[in-house]
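An overview of the molecular structure
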Amino acid sequence: MSLARVVAEANNLAPAHIAALLATPDPAVALPLLVGRSCAVGFVAPAVVALIRAVPADDPAAALFEVSPHSVSILPTDPATRTLLLERLLLAWRDDPNVPLLQPSKWRNERYSVWDDNGRVAFEIERAASGLFGVRVYGCHVNGYVVIDNEIKMWVARRSYTKQTYPGMLDNMVGGGLPHGISPTDNVIKECFEEAGLTITASSLKPVSIITSFMDSSERGWVPDTEYLYDLRLDESFKPVCQDGEVHSFELMSMGDVRRHLINGEFMPESGLCAIDFMLRHGIIDPSTEPDYEYIACSLRRLLPFPGPRYSA
């Protein structure tokens, strides 16, 4: 596998394919998920559309959706009502042994925000169900690194073997989903302590970029993903220690080893993209020797078709 292949596998839903589905929906592939019958916020696969159609008419959750040949619309106008009815429906699916799409073992009991085209929260959704509706998800990742004798080395985590997603795969030193109601920076501060035992302040963090991708994952569904990236140079004496059980181990790797593990497919998808972005920004990937340099650099920041947040001070 090449670095370009790593990027491509995390972006296996091509922009042209997504644009075509929005312009001419195909019920056999996916229907756009609309808020207020006009603002597209996700995609609903045929199996999920079938589950929506099967909701009994006397179930309060039946008032949540309107299904047409071209779209699935969320009808209530109030974000709290949307969230409440969706949660009721998802819990029923989770607890129904005849619905394999949402297994109890995958339930996170954590909600993500789904944003409208005004930068406001349209509704909240259980994290484990986000891929069923193809809504944008967000995360925050920290590239923890040291410089020893002018050589950059990166702290790499191996995910716990009991994680619901990508157990045992390699990860950035700190990384986690962005729950509803918390800013990226505050989330990073929280995650730094939980995953690496690192107490930091906003002033010591350096936000450097975002990466975006759109993946059709057999494990998670359709995932239009955005990751907020931070670089954190650490003292040579620092050793991360996980506090929440989500990391199996840490290893300080040379960038050559990081590249080797990337090419071997050992990183979880979005974490691999974060590491590749770090290598680009720090000149570790050289345009004079990497034949796919332009493709890699341009593919890390694709425009996603759905609206996102507009944070302000």
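For the structure itself, look to the data block above.
Fair warning: this is a prediction, and the values are worked out from it, not measured in the lab. (Residues numbered from 1 in each chain as written. Predicted model: local features only at pLDDT ≥ 70, side-chain atom pairs only at ≥ 80, totals over all residues. Heavy atoms only, no water.)

This brings us to the overall build of the chain. Each helix and strand counted, the chain has eight helices and 13 strands in total. Across its three principal axes, the chain shows a C-alpha extent of roughly 70 × 40 × 40 Å. Of the contacts formed within the chain by residues at least 6 apart in sequence, a portion of 66% connects residues at least 24 apart. In the structure as shown, the chain presents an accessible area of about 14,100 Å², 52% of it carried by carbon and sulfur atoms. Across the chain, the centroid of the 27 positively charged side chains sits 1 Å from that of the 39 negatively charged ones. (Helix = DSSP H or I, 4+ residues; strand = E, 2+ residues; numbered from the N terminus. Contact = heavy atoms within 4.5 Å. Areas by Shrake-Rupley, 256 points an atom, 1.4 Å probe, with all protein chains shown as cover. Lys, Arg positive; Asp, Glu negative; His and termini not counted. Charge placed at Lys NZ, Arg CZ, Asp CG, Glu CD.)

With that settled, the discussion passes to unusual backbone geometry. Positive phi values are uncommon outside glycine, yet Asn-109 reaches one of about 55°. Among the secondary structure elements, Asn-109 is positioned in the loop between helix H4 (79–94) and strand E5 (111–115). Unusually for a residue other than glycine, Tyr-166 sits at a positive phi of about 50°. Relative to the elements of secondary structure, Tyr-166 occurs in the loop between strand E8 (151–159) and strand E9 (170–172).

In this structure the tally under the stated criterion is 18 salt bridges. Salt bridges sharing common partners tie together Asp-231, Asp-277, Arg-281 and Arg-301. (Salt bridge = Lys/Arg side-chain N within 4 Å of Asp/Glu carboxyl O.)

The next thing to look at is the sheet that holds strand E4 (residues 72–74). Taken together, four strands build an open sheet; the order of strands is E2-E1-E4-E3 and the sheet is mixed. Edge positions in the open sheet fall to strand E2 (39–44) and strand E3 (65–67), since each of these has one partner strand only. When strand polarity is set aside, the average angle formed by the axes of neighbouring strands in this sheet is 25°. The sheet contact formed by strand E1 (residues 31–35) and E4 spans three bridges and is parallel. Bridge pairing in E4 places Leu-34 opposite Ser-73. (Pairing = 2+ DSSP bridges. Axes fitted to C-alpha atoms, helices over the stretch in contact; angles between N-to-C directions.)

The next point concerns the packing of aromatic side chains. According to the stated counting rule, one finds nine aromatic pairs in the structure shown. Measuring from ring centre to ring centre gives 6.0 Å for Trp-115 and Tyr-311, while their planes differ by 75°; the resulting arrangement is edge-to-face. Pair noted here: Trp-115 is in strand E5 and Tyr-311 is in the segment after helix H8 (293–299), with a separation of 196 residues, a long-range link. With centroids separated by 6.3 Å and ring planes inclined at 85°, the aromatic side chains of Phe-214 and Trp-222 adopt a geometry described as edge-to-face. Classification of Phe-214 as buried rests on a relative accessible area of 0%. (Phe/Tyr/Trp six-rings, centres within 6.5 Å; stacked < 30°, edge-to-face > 60°. Buried < 20%, exposed > 50% of the residue type's maximum accessible area, 1.4 Å probe, protein only.)

Grouped together as the largest cluster of nonpolar side chains are 35 residues, with contacts concentrated most on Leu-33, Phe-65, Leu-90, Trp-93, Phe-123, Ile-125 and Phe-133. Ranked by residues supplied to this core, first place goes to H4 with five residues. For Phe-133, the contacting residues outside a window of four places in its chain are Leu-33, Gly-42, Phe-43, Val-44, Val-48, Ile-52, Phe-65, Leu-86, Leu-90, Trp-93 and Ile-125. Among the nonpolar cores identified, the runner-up in size contains 27 residues, and Ile-152, Leu-229, Cys-274 and Ala-275 belong to it. (Core = buried A, V, L, I, M, F, W, Y, C linked by side-chain atoms within 4.5 Å.)

This part takes up the environment of Lys-163. With respect to the secondary-structure elements, Lys-163 resides in the loop between E8 and E9. A relative accessible area of 13% means that Lys-163 is categorised as buried. Along the backbone, Lys-163 and Pro-309 are 146 residues apart, and their C-alpha atoms lie at a distance of 28 Å. Within the structure, the side chain of Lys-163 is placed 3.1 Å from the side chain of Glu-246, a separation counted as a polar contact. (Polar contact = N/O pair within 3.5 Å; in protein donor to acceptor, adjacent residues only side chain to side chain.)

Here we come to helix H3 (residues 46–53). Residues of H3 that are buried: Val-48, Val-49, Leu-51 and Ile-52. Summarising the axial view, the buried residues of H3 lie within an arc of 160°, below the 170-degree limit, and thus occupy one face. On its buried side, H3 packs onto E1, E2, E3, E4 and H4. (Arc of directions from axis to C-beta.)

This part takes up the layout of surface pockets. Empty space among the atoms becomes visible once a probe the size of a water molecule is rolled across them. Volume-wise, the second largest pocket comes out at about 210 Å³. As for the second largest pocket, its lining consists of 16 residues, of which Val-6, Glu-9, Phe-267, Met-268 and Pro-269 are closest to the centre. At the level of secondary structure, the elements contributing two or more residues to the lining of the second largest pocket comprise helix H1 (3–9), strand E11 (206–217) and helix H7 (269–281). In terms of residue class, the lining of the second largest pocket is made up of 10 nonpolar, four polar and two charged. (1 Å grid on protein atoms, 1.4 Å probe; cavity = no way out; pocket = protein on both sides within 12 Å on 5 of 7 lines; lining within 4 Å. Points joined across faces, edges and corners; volume = space filled by probe spheres on them. Nonpolar A, V, L, I, M, F, W, Y, C, P; charged D, E, K, R; others polar.)

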